[in-house]
Amino acid sequence: MSGQGPTSLDKLSKLGDVAVVAMIFPAVGRGRYDLTLNVLLNQLKYFLSLEREGKVRIVRRASDLDQPGVKLIIGLEGTDALSDAYDLLWLFNAGLRVIAPTWNYNTKFASSCTSKKDYGLTDQGEELVKLANELGVIIDVSHSSRQTTLDVTSLSRKPVIATHSNVMALKQHYRNLDDAEIEGIVKTGGVIGVTSIPGTLPSDDINGIATVASYIGERFGWDYVALGTDFLGLDKYPQGFSDLSNIDDLASRLGSHAEAVLWGNAMRVFRQALPQ
């Protein structure tokens with residue numbers, strides 16, 4: 001989150017009061033539990049050290065969202081490093097507030113969007129969702145398979161989110177959500193974070209992002225659209241949307257819905273779902 005990339009602490013600070021989901025990404029290979037756990041711990045320590053240095057605030061409770069400055073909501077992308085659902089207890093105590101059951105690898109908890117056999121949530125996955133609901137950890141179905149997403153949205157009693165996903169009806173891509181998945185997320189009161197991942201957009205430019213937002217907003221309700229750039233996970237960017245400085249250009253395309261999409265909808269979900 002430092003340096004001169006599309007997003008950084010300096011660039012976030014210039015936006016004023018801002019909250020972002022900061023993902024820990026420990027997937028280093030199938031079955032490498034020892035390595036993934038080590039990567040998870042190192043990335044978690046990095047975020048906690050930023051807080052210790054006074055550069056950010058880690059959001060642990062809904063009230064933390066009202067604090068000034070840059071606020072990080074720590075998430076975990078994939079459960080590869082977890083031995084069982086109850087590892088979520090120590091992760092919660094360390095500050096984790098968002099968890100994605102899968103990245104692009106199947107796990108003991110759920111099948112991923114690349115799975116050749118879509119088995120959805122396993123028994124352990126169901127335990128993970130229930131425990132997350134109890135603690136106030138939000139489930140993120142980005143990278144989940146279709147059946148996993150439908151299982152999660154059926155089981156969860158708290159809002160479910162897709163932090164960075166687009167729409168299958170506009171572009172056929174394994175990372176995109178079909179209408180049934182979107183409807184499932186909407187029924188939980190969650191949000192879909194429209195992402196700038198090349199190849200998942202109907203057109204690889206800033207207009208493609210606005211088109212996806214409009215599809216969700218017009219068909220399912222503008223209360224359920226958010227922005228999930230995935231800037232730090234990309235090496236290629238849509239034309240006209242490669243940096244936080246392009247946010248104003250996107251806002252102009254979203255018109256009267258801009259504030260809700262860029263800020264308000266996600267904040268509503270976090271305020272509702274995080275511990276009070």
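For every chain, the first residue of its written sequence is number 1, and the numbers climb from 1 along that sequence. Whole-chain, interface and lining totals are the exception, using all residues; otherwise, since this is a predicted model, local features are given only for residues with pLDDT of at least 70 and side-chain atom pairs are given and counted only at 80 or more. Only hydrogens and water are set aside; all other atoms, that is, all heavy atoms of the structure, feed into the side-chain values.

Asks: Before we go on, may I ask you to explain the nonpolar core in this structure?
Replies: Considering soluble globular proteins, one finds that nonpolar side chains tend to be buried as a cluster. Within the largest apolar cluster, 65 residues are counted, with the highest numbers of intra-cluster contacts made by Phe47, Leu72, Leu76, Leu88, Ile99, Ile182 and Ile216. Broken down by element, the residue count for this core peaks at eight residues, all from helix H7 (residues 206-220). For the purposes of this section, nonpolar cores are sets of buried Ala, Val, Leu, Ile, Met, Phe, Trp, Tyr and Cys residues that join through side-chain atoms within 4.5 Å. Relative accessibility thresholds used throughout: buried, under 20% of the residue-type maximum; exposed, over 50%; partly exposed, between the two (1.4 Å probe, protein chains only). If you look at the next biggest cluster of nonpolar residues, it comprises 15 residues, including Ala19, Val98, Ile161 and Leu274. By the criteria applied, helices consist of DSSP H or I runs no shorter than four residues and strands consist of E runs no shorter than two, each listed in order from the N terminus.

Asks: Hey, could you run me through the side chain of Ser112 in this one?
Replies: Relative to the assigned elements, Ser112 resides in the loop between strand S4 (96-100) and helix H4 (123-135). The class for Ser112 is buried, based on a relative accessible area of 1%. In terms of polar contacts, Ser112 uses its side chain to reach the side chain of Thr114, at 3.0 Å. Residue contacts are defined here by distance: any two heavy atoms, one from each residue, within 4.5 Å place the two residues in contact. Not counting residues up to four positions away in its chain, the partners in contact with Ser112 are Thr102, Trp103, Asn104, Tyr105, Asn106, His143, Ser144 and Ser145. Any pair of nitrogen or oxygen atoms within 3.5 Å is treated as a polar contact; in protein, a donor-acceptor pairing is required on top of that, and neighbouring residues in sequence qualify only through side-chain atoms on both sides.

Asks: Help me understand the layout of surface pockets, please; the structure alone is not making it clear to me.
Replies: As defined here, a cavity is a set of points on a 1 Å grid over the protein atoms alone where a 1.4 Å probe fits but cannot get out. A pocket is an open set with protein on both sides within 12 Å along at least five of seven lines, and residues line them when an atom is within 4 Å of a point. Grid points are joined across faces, edges and corners, and a volume is the space filled by probe spheres set on the points. Its volume calculated, the largest pocket comes out at about 1400 Å³. Lining the largest pocket are 49 residues; nearest its centre among them are Val20, Val21, Gly228, Thr229 and Asp230. Counting residues per element, the lining of the largest pocket draws most heavily on helix H9 (residues 258-273), at eight residues. Note that Gly is not counted as nonpolar here; it falls among the polar residues with everything else outside the nonpolar set of Ala, Val, Leu, Ile, Met, Phe, Trp, Tyr, Cys and Pro and the charged set of Asp, Glu, Lys and Arg. Classifying every residue of the lining of the largest pocket by side-chain character gives 33 nonpolar, ten polar and six charged.

Asks: It is not clear to me how the packing of helix H6 (residues 179-187) against H7 should be interpreted in this structure. Could you clarify?
Replies: A pair of packed helices is characterised by two quantities: the angle between their axes and the separation of those axes. Interhelical geometry of H6 versus H7 gives an angle of 65° and a closest axis separation of 12 Å. In this structure, H6 meets H7 at a crossing whose hand is right-handed. Here H6 contributes Asp179, Ile182, Glu183 and Val186 to the contact with H7, which in turn contributes Tyr215, Ile216 and Phe220. Of the residues contributing to the contact of H6 with H7, the split by class is five nonpolar, no polar and two charged. To obtain each axis, a line is fitted to C-alpha atoms, and for helices this fit is confined to the stretch in contact; angles are then taken between N-to-C directions over 0 to 180 degrees. In this scheme, a crossing is called left-handed if the near helix is turned counterclockwise away from the far one by less than a right angle; it is called right-handed if the turn is clockwise.

Asks: Which parts of the structure should I look at to understand the side chain of Ser196?
Replies: Among the structural elements, Ser196 can be located in the loop between strand S6 (192-194) and H7. Of the polar contacts made by the side chain of Ser196, one reaches the backbone oxygen of Thr229; its length is 2.6 Å. Beyond its immediate sequence surroundings of up to four residues, Ser196 is in contact with Leu201, Ile209, Gly228, Thr229, Phe231, Leu234, Pro238 and Phe241.

Asks: Help me understand the environment of Asn38, please; the structure alone is not making it clear to me.
Replies: Mapped onto the fold, Asn38 is located in helix H2 (residues 33-52). Exposure remark for Asn38: the relative accessible area of 43% places this residue in the partly exposed category. The spatial distance from the C-alpha of Asn38 to the C-alpha of Ala81 is 8.5 Å, given a sequence separation of 43 residues.

Asks: Would you mind showing me how to read the packing of aromatic side chains here?
Replies: In this description, an aromatic ring pair is defined by two values, namely the gap between the centres and the angle between the planes. Whether two aromatic rings pair depends on their centres lying within 6.5 Å, for rings of Phe, Tyr and Trp, where Trp uses its six-membered ring; planes under 30 degrees apart make the pair stacked, over 60 edge-to-face, and the rest tilted. In this structure the tally under the stated criterion is three aromatic pairs. Relative to Phe47, the ring of Tyr46 has its centre 5.8 Å away and its plane inclined at 50°; by these criteria the two rings are tilted. Centroid distance Trp103 to Tyr105: 5.3 Å. Interplanar angle 90°. Geometry classified as edge-to-face. On the basis of relative accessible area, Tyr105 is assigned to the buried category, the value being 18%. By way of ring pairs, the aromatic residues Phe25, Trp103 and Tyr105 are connected into one cluster. We count a charge as sitting over a ring when the NZ of a lysine or the CZ of an arginine lies within 6 Å of the ring centre and within 35 degrees of the ring normal. Between the NZ or CZ atom of Arg97 and the centre of the ring of Phe92, over which it lies, the distance is 3.8 Å.

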